[in-house]
Amino acid sequence: MENNIIRGDSFVIEFTISDDNGNSINFEDIDTLYLTARKKADSKVLFMKDKNDFKLENNTYSVEILPTDTEEFEISDFEYDIEVTLIDNTRQTKTGKINLEKDFTTHKGGGVNEN
């Protein structure tokens, strides 16, 4: 999964999870669910989401990346994974990349920053 987003904007990542037979997995079957974003695999965590941040609708999971998650980042690419551990200890991991693009209008300090 690859996504282009503007630094400091909201963005939703959507994905599906299924078992070995192709059946959708319900929230009740999930023990833990995390999204972890890093500049590269062995670097510090930039932001993290947990099961409470995810929604399920029509067999599609979604998680919102908030403006505060990226507004202080340098313009660059970063990677994330979504790790799902089911109540039977089965684990699935999905990976993705976010291309963070420059924002031209910023709202630091409550108003529009003209610098």
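You'll find the structure just up there.
This one's a predicted model, so the numbers in the text were calculated from it and none came from an experiment.

Moving on, we come to the packing of aromatic side chains. A complete count under the given rule lists six aromatic pairs for this structure. Centroid distance F47 to F78: 5.9 Å. Interplanar angle 85°. Geometry classified as edge-to-face. Of the two residues, F47 is situated in strand 4 (residues 45-49) and F78 in strand 7 (residues 77-86); the sequence distance between them amounts to 31 residues. Centroid distance F73 to F78: 5.6 Å. Interplanar angle 90°. Geometry classified as edge-to-face. Every member of this aromatic cluster is reached through a ring pair, and the members are F15, F27, F54 and Y61. For the cation-ring pair, K102 lies above F104, with the distance from its terminal atom to the ring centre recorded as 5.6 Å.

This next bit is on the side chain of T85. By the element assignment, T85 lies in strand 7. Classification of T85 as buried rests on a relative accessible area of 7%. Within polar-contact distance, the side chain of T85 engages the side chain of R91 at 3.3 Å. Leave out the neighbours within four places in its chain, and T85 touches I30, D31, T32, T90 and R91.

Cut-offs and rules
Positions within a chain are numbered from 1, following the residues in the order the chain's sequence is written. For this predicted model, a pLDDT threshold of at least 70 governs which residues receive local features, and a threshold of 80 or more governs which side-chain atom pairs are given and counted, while totals over whole chains, interfaces and linings are taken from all residues. Note that the side-chain values use all heavy atoms of the structure and ignore hydrogens as well as water. Pairing of aromatic rings covers Phe, Tyr and the six-membered ring of Trp, with a centre-to-centre limit of 6.5 Å; geometry is then stacked below 30 degrees between planes, edge-to-face above 60, and tilted otherwise. To qualify as a helix, a DSSP run of H or I must reach at least 4 residues; to qualify as a strand, a run of E must reach at least 2; elements of each kind are numbered from the N terminus. The criterion for a charge sitting over a ring is simple: Lys NZ or Arg CZ within 6 Å of the ring centre, and within 35 degrees of the ring normal. Throughout this description, buried means an accessible area under 20% of the type-specific maximum (1.4 Å probe, protein chains only), exposed means over 50%, and partly exposed covers the range between. Polar contacts here mean pairs of N or O atoms no more than 3.5 Å apart (in protein, one a potential hydrogen donor and the other a potential acceptor; neighbouring residues in sequence count only if both atoms are side-chain atoms). Only heavy atoms matter for contacts: two residues are in contact if any of them lie within 4.5 Å across the pair.

These figures capture arrangement, not role.
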